[in-house]
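# Structural features, examined
Letter by letter, the chains look like this.
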Amino acid sequence: MHTYLAYGAFGWLTFTGVAHFLVDVVSQYLRGKRPPNVETTLYYGLNSAFALGQVLFGLICLWIAWRQPRFLGEPPVVALCLAAAAGWLAITFAFMGYWEPKLNAGLFAALLIAAILFGR
């Protein structure tokens, strides 16, 4: 159960990071929804860094979970993963006005906590 929850948490993080990048960066750029200015640059930069950070962290953790299924039993790994989840939640509440990233980061945090608790 622990392994499936770890795969689910980091797979969800990877999937939502890709979806966030495609919806909030690529599609808006291709449709020309935002005029070129400083605010647009900050918008694309924030959303690109947020989404690609999720994808990178998710893929690395999926690879580690595949190689070492019990890795969420190590306290430094748990601390790093919880700090990442808290950071993504903080960014969504501080800088993003829409609810979808908040929900995605919250679901990742819930799945991660479940994986940690079932892994003990």
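Residues numbered from 1 in each chain as written. Predicted model: local features only at pLDDT ≥ 70, side-chain atom pairs only at ≥ 80, totals over all residues. Heavy atoms only, no water.

### Points about the packing of aromatic side chains
Centre-to-centre distance and the angle between the planes together describe a pair of aromatic rings. Just so we agree on the cut-off: Classification of ring pairs uses Phe, Tyr and Trp, with its six-membered ring standing for Trp, and accepts pairs whose centres are within 6.5 Å; under 30 degrees between planes counts as stacked, over 60 as edge-to-face, and the remaining range as tilted. The helix count covers DSSP runs of H or I at least four residues long, the strand count covers runs of E at least two residues long, and both are numbered beginning at the N terminus. For every residue, the accessible area obtained with a 1.4 Å probe (protein chains only) is divided by the maximum for its type, and the residue is called buried under 20%, exposed over 50%, and partly exposed between those limits.
Evaluated as defined, the whole model comprises 8 aromatic pairs. Relative to Phe-15, the ring of Trp-12 lies with its centre 6.1 Å away and its plane at 45°, an arrangement referred to as tilted. In this pair, Trp-12 and Phe-15 both sit in helix H1 (residues 2-31), 3 residues apart, roughly one turn of the helix. Given a relative accessible area of 53%, Phe-15 falls into the exposed group. One aromatic cluster is present, built from ring pairs that chain together Phe-10, Phe-57, Phe-71, Trp-88 and Phe-108.

### Observations concerning a nonpolar patch on the surface
Definition in use: A patch consists of residues exposed above 30% relative accessible area that lack any salt bridge, with like charges linked at up to 9 Å and nonpolar side chains (Val, Leu, Ile, Met, Phe, Trp, Tyr) linked at up to 5 Å. Areas reported as accessible are Shrake-Rupley estimates using a 1.4 Å probe. Residue values count occlusion only from the protein chains shown. Salt bridges are defined by distance alone: a side-chain nitrogen of Lys or Arg within 4 Å of a carboxyl oxygen of Asp or Glu.
A cluster of nonpolar side chains, namely Tyr-4, Tyr-7, Trp-63 and Trp-66, defines an oily patch on the protein surface of about 560 Å² accessible area. Secondary structure elements with two or more residues in the nonpolar patch: H1 and helix H2 (38-67). With respect to the helices, strands and loops of the structure, Trp-66 is situated in helix H2.

### Section: H1
Inclusion rule: Each helix should span, by expectation, one fewer than its residue count multiplied by 1.5 Å. What the bend at a residue measures is the angle between two axes, fitted to the seven residues ending there and to the seven starting there.
Across its 30 residues, H1 extends 42 Å between first and last C-alpha, which sits within 8% of the 44 Å expected from 1.5 Å per residue. If you look at H1, its biggest bend is around 30°, right at Leu-22. Taken from the residues just after H1, Gly-32 is the one with a positive phi, measuring 65°.

### Digging into the nonpolar core
Put simply, the rule is: What makes a nonpolar core is a set of buried Ala, Val, Leu, Ile, Met, Phe, Trp, Tyr and Cys residues whose side-chain atoms join them at distances within 4.5 Å. In what follows, a contact means two residues having at least one pair of non-hydrogen atoms within 4.5 Å.
Formed by 23 residues in total, the largest nonpolar core has its most connected members in Phe-10, Phe-57, Leu-72, Trp-88, Phe-108 and Leu-112. When residues of this core are traced back to their parent elements, those giving at least two are H1, H2, helix H3 (75-95) and helix H4 (100-118). Beyond its immediate stretch of four places on either side in the chain, Phe-108 contacts Ala-9, Phe-10, Trp-12, Leu-13, Ala-85 and Trp-88.

### Brief notes about the packing of H1 against H4
For clarity, the threshold we go by: Structural elements are reduced to axes, namely lines fitted to C-alpha atoms, with helices fitted over the stretch in contact, and the angle between N-to-C directions of any two is expressed from 0 to 180 degrees. Should an angle fall under 35 degrees it is called roughly parallel, over 145 degrees roughly antiparallel, and 65 to 115 degrees roughly perpendicular, with every other angle called oblique. By convention the crossing between two helices is left-handed if the near helix lies anticlockwise of the far one by an angle smaller than a right angle, and right-handed if it lies clockwise. Under the scheme applied here, ten amino acids are nonpolar (Ala, Val, Leu, Ile, Met, Phe, Trp, Tyr, Cys and Pro), four are charged (Asp, Glu, Lys and Arg), and all others, including Gly, are polar.
Viewed as axis vectors pointing N to C, H1 and H4 meet at an angle of 165°, and their least axial separation amounts to 8 Å. On the basis of the axis angle, H1 is roughly antiparallel to H4. Here the hand of the crossing between H1 and H4 comes out left-handed. Between H1, through His-2, Leu-5, Ala-6, Gly-8, Ala-9, Phe-10, Trp-12, Leu-13, Thr-16 and His-20, and H4, the contact on the second element is made entirely by Pro-101, Asn-104, Leu-107, Phe-108, Leu-111, Leu-112, Ala-114, Ala-115 and Phe-118. Its residues placed into classes, the contact of H1 with H4 shows 14 nonpolar, 5 polar and no charged.

### A word on H4
We count it as follows: Note: the arc covers the axis-to-C-beta directions of the helix.
Counted at 1.5 Å a residue, the expected span for H4 with its 19 residues is 27 Å, and the 27 Å between its end C-alpha atoms agrees. Every buried residue belonging to H4 is among Pro-101, Lys-102, Asn-104, Ala-105, Phe-108, Ala-109, Leu-112, Ala-115 and Ile-116, and all of these are buried. Taken around the axis of H4, the buried residues stretch over an arc of 165°, which confines them to a single face. Seen from the open side of H4, the exposed residues pointing more than 90 degrees away from its buried face are Leu-117 and Phe-118.

Note that every value here comes from positions in space, so none of it alone points to a role or purpose.
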